[in-house]
Amino acid sequence: MEDKLLVSNGCRWSRLPASYVRPEPERPKLSEVGDYLNAPIVDLGSADPNLLARQISQACQHYGFFQVINHGVPIETMEKMLGVSREFFHLPVEEKMRLYSNDPSKTTRLSTSSNIHKEKIHNWRDYLRLHCHPLDNYVNEWPTNPTSFKEIVSNYSMEVRQLGLRLQEAISESLGLEREYINNCLGEPGQHMAINYYPECPEPELTFGLPAHTDPNTLTILLQDPEVTGLQLLKDGKWLSVKPFPNAFVVNIGDQLQALSNSKYKSTWHRAVVNAQIERISVATFLCPSNNAVIKAPIQLIQDQSHPIYRDYTYAEYYDKFWSRNLDQGHCLELFKIMSK
């Protein structure tokens, strides 16, 4: 049955199916993971632009992510987004399966795991993938059930887009570039959303919600479930759990910002783990360069190293390469490095 592809298919699992079980060396080792006690917090409401630039620069260089507060997105908008996401995944499986597809080129689709036809081991996750900009081009494809879905998700996606553009301006300034540099050089940014659903898992120590990866886009803005910790990031060779900070977003540096900054800023390795007692929702918004944008480091950021680390490429080329591989095949950006002579 096709609906058996979803882990949120209404079954009560007593054991983890064999296709989700990781080999022993690749398991999450949950008992060894500590809390990310010094996770950087950036106050976007700061009245001191120099302080804001320093905070962002430190976070992007040494951590690859930060949690942002005073970001301007209404709390009610965030709460409604999580609520309608949960409603969607609680729908009868037959209703959800109307949107099911494993074709990554589809602009609205429900799917499972990450790349189910290429990967050898699956991940305990279903997700609804939506293209969000220009909104009028895509909103008619979105679910009509729940009835409030389109309105709530439209409002949320517009608010988060504005936040993302502000963050890209602040990141430009933190690199010593003109405020509009990133927004201008990457073209009209695309915007995707992944609404992730991680059901209760019978044996969470044997699998992942998502294995370790970096994001292929420019910037990821993550709304975490405030009640359940599941996001883990790699710091100094150790996995650490990022507890949700009240009313904050987690902002991840993506591969394109690492390349554009000539590796001054790091695309952060992260993964999602699952829970035996409680489901978890997260909403990831991805800001992406336009497909024909040429990704290259500006001359100001190359002078210290004498040469660029990565060759020039278009975002379309990168994205195609990313989706042709398994999520756990290593850092896709390595394929674009200039080999030293």
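So, how was this worked out
- Residues numbered from 1 in each chain as written.
- Predicted model: local features only at pLDDT ≥ 70, side-chain atom pairs only at ≥ 80, totals over all residues.
- Heavy atoms only, no water.
- UniProt positions renumbered as here; feature names shortened; annotations may be inferred.
- Phe/Tyr/Trp six-rings, centres within 6.5 Å; stacked < 30°, edge-to-face > 60°.
- Helix = DSSP H or I, 4+ residues; strand = E, 2+ residues; numbered from the N terminus.
- Buried < 20%, exposed > 50% of the residue type's maximum accessible area, 1.4 Å probe, protein only.
- Right-handed = clockwise from strand over helix to strand, strands pointing away.
- Pairing = 2+ DSSP bridges.

- The chain has the name 2-oxoglutarate and oxygenase superfamily protein in an unreviewed UniProt entry, where Perilla frutescens var. hirtella is given as its organism.
- Annotation of the chain in UniProt includes, under Cofactor (unreviewed entry), the sentence "L-ascorbate".
- The UniProt entry for the chain carries this comment under Sequence similarities (unreviewed entry): "Belongs to the iron/ascorbate-dependent oxidoreductase family."

**Regarding the packing of aromatic side chains**
Right, so step 1: Inspection of every chain in the model, using the stated rule, returns 13 aromatic pairs.
Right, so step 2: Pairing Trp-13 with Trp-124 gives two aromatic rings, centres 5.7 Å apart and planes at 75°, and the pair type is edge-to-face. Residue Trp-13 is located in the segment before β1 (34-35), and its partner Trp-124 is located in the loop between β4 (108-112) and β5 (126-131); the two are separated by 111 residues in the primary sequence.
Right, so step 3: According to the relative accessible area criterion, Trp-13 is partly exposed, its value standing at 31%.
Right, so step 4: On the numbers, 5.2 Å between centres and 65° between planes, the contact of Tyr-36 with Phe-65 is edge-to-face. Of the two residues, Tyr-36 sits in the loop between β1 and β2 (41-43) while Phe-65 sits in strand β3 (residues 65-69), which places them 29 residues apart along the sequence. For the pair formed by Tyr-36 and Phe-65, the shared burial category is buried.
Right, so step 5: Through pairs of rings, three or more aromatic residues link up here, namely Phe-88, Phe-89, Trp-142, Phe-149 and Tyr-197.

**Quick word on the pairing of β3**
Right, so step 1: Counting buried positions along β3 gives five out of five residues, so the element sits mostly inside the fold.
Right, so step 2: The side-chain alternation of β3 yields two buried faces, one formed by Phe-65, Gln-67 and Ile-69 and the other by Phe-66 and Val-68.
Right, so step 3: The β-α-β motif built from β2, the intervening helix α1 (residues 49-62) and the parallel element β3 has right-handed crossover chirality.
Right, so step 4: For β3 and strand β11 (residues 249-253), the ladder comprises four bridges, and the chain directions are antiparallel. Bridge pairing in β11 places Phe-66 opposite Val-251.

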